[in-house]
Amino acid sequence: MSVETLGTGTTTELSEAGFARYAAEDFLTRVDGFDTDRLLKELQGQFVGMPSDPYGPNTNRYRRYGRAVYVPWSGNLTWLPTVEDAELGPATEYFQGDFNPEFPGARRRFPAIPEEARNNELLRQIVLFDAEQALWLDELRDGPVHIGVHFLTLRVDGEGERAVPSPDFLHQDGERFTFAHLINRDNVVGGTNVIAPPRCAGMKPEEISADLRQAEFTLENPLDSYAVYDEKVSHYVSPVCGGSAPRPGERSILLIDFTPYIPHI
């Protein structure tokens, strides 16, 4: 895929269909001259031993979160400071308004992404690639952009044990765009993605007719990726269960979302 800054009137698969798929080569070519295997392994290592989701007890869900600002005309990417939380340690606030029905209007805090991870050049280039795919939207190109970065792992200890994403139904996120990048997948079944029209939000995939399923796929290999344009689609990922091998299973995903950084006066 050719990567370039997109201008007004540009038509892309993401703008037209409301979703798009990407492959590892789209990101690894941006770190030519670096040890790409090392960068990927270091990024994968950041998903090992993550703290459990403080809002998802008994869900086998583990996560960290960070926020950054991107300035389109200079290409500058800056991470925002964390806050100190009495229970979580360094933390970052996350707010979705009413878009997550499981936590409507809630201002949640998640353990922060460590500085070592924020300094990973592969992560930086993934964020910049994603930003470039969204710059055809005027409100993102013409002002600073707020970026949310989630590290999320669904981990199970044995065959048949389930780990559940949030929310567990078709939904929209509220952010203009969300990109999902597989970091690791081992000894699990499930984790199937479904894309459907916005009117399907709040429903399970089995509750909608087959003709409304615009796409159904499973990310299998590191850096297999997809993106959704929130106003055009709803999306879903199914729970994962432990595979047949006698070891724990996990599905680790990097989620990156983009919204205008608009001052509130």
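Residues numbered from 1 in each chain as written. Predicted model: local features only at pLDDT ≥ 70, side-chain atom pairs only at ≥ 80, totals over all residues. Heavy atoms only, no water.

Caption draft 1: Just unusual backbone geometry, in detail. Residue Pro167 follows Ser166 across a cis peptide bond; omega there is -5 degrees. Relative to the helices and strands, Pro167 resides in the loop between β8 (162-163) and β9 (177-186). Here the phi dihedral of Leu223 falls at roughly 75 degrees; this positive angle occurs in a residue that is not glycine. When you line up the elements, Leu223 lands in the loop between β12 (215-218) and β13 (225-229). The exposure class of Leu223 is buried, given its relative accessible area of 1%. (Helix = DSSP H or I, 4+ residues; strand = E, 2+ residues; numbered from the N terminus. Buried < 20%, exposed > 50% of the residue type's maximum accessible area, 1.4 Å probe, protein only.)

Caption draft 2: Quick look at the side chain of Glu250. Within the secondary structure, Glu250 is located in strand β16 (residues 249-260). One buried charge, Glu250, has no salt-bridge partner; the nearest side chain with opposite charge is Arg155, at 4.8 Å. A distance of 3.3 Å separates polar atoms of two side chains, one belonging to Glu250 and the other to Ser252. (Lys, Arg positive; Asp, Glu negative; His and termini not counted. Salt bridge = Lys/Arg side-chain N within 4 Å of Asp/Glu carboxyl O. Polar contact = N/O pair within 3.5 Å; in protein donor to acceptor, adjacent residues only side chain to side chain.)

Caption draft 3: Fine view of the nonpolar core. Within the largest apolar cluster, 43 residues are counted, with the highest numbers of intra-cluster contacts made by Leu122, Ile147, Phe151, Phe177, Leu254 and Phe258. Broken down by element, this core gets its largest block of residues, 8 residues, from helix α5 (residues 121-134). Those residues in contact with Phe151 that lie beyond four places of it in its chain are Leu43, Gln46, Phe47, Met50, Tyr62, Arg63, Arg64, Ile113, Ala117, Leu123, Ile253 and Leu254. Leu152, Ala180, Ile195 and Leu219 belong to the second largest nonpolar core, which has 12 residues in total. (Core = buried A, V, L, I, M, F, W, Y, C linked by side-chain atoms within 4.5 Å. Contact = heavy atoms within 4.5 Å.)

Caption draft 4: Just the side chain of Asn187, in detail. Of note, Asn187 is situated in the loop between β9 and β10 (188-190). At 3.5 Å, the side chain of Asn187 forms a polar contact with the backbone nitrogen of Ser244. Polar side-chain contacts of Asn187 include one of 3.1 Å to the backbone nitrogen of Ala245. Other than its neighbours up to four places away in sequence, Asn187 contacts Cys241, Gly242, Gly243, Ser244, Ala245, Arg247, Pro248 and Gly249.

Caption draft 5: The arrangement of empty space enclosed by the protein in detail. Here the structure, examined in full by the defined rule, presents 3 cavities of 30 Å³ or more. Volume-wise, the largest cavity comes out at about 420 Å³. Lining the largest cavity are 28 residues, and of these Leu152, Ser166, His171, Asp173 and Leu255 lie nearest its centre. At the level of elements, β2 (61-71), β7 (145-156), β9, β13, β14 (234-237) and β16 are the ones that each hand at least two residues to the lining of the largest cavity. Within the lining of the largest cavity, the residues separate by chemical class into 13 nonpolar, 8 polar and 7 charged. By volume, the second largest cavity amounts to about 40 Å³. (1 Å grid on protein atoms, 1.4 Å probe; cavity = no way out; pocket = protein on both sides within 12 Å on 5 of 7 lines; lining within 4 Å. Points joined across faces, edges and corners; volume = space filled by probe spheres on them. Nonpolar A, V, L, I, M, F, W, Y, C, P; charged D, E, K, R; others polar.)

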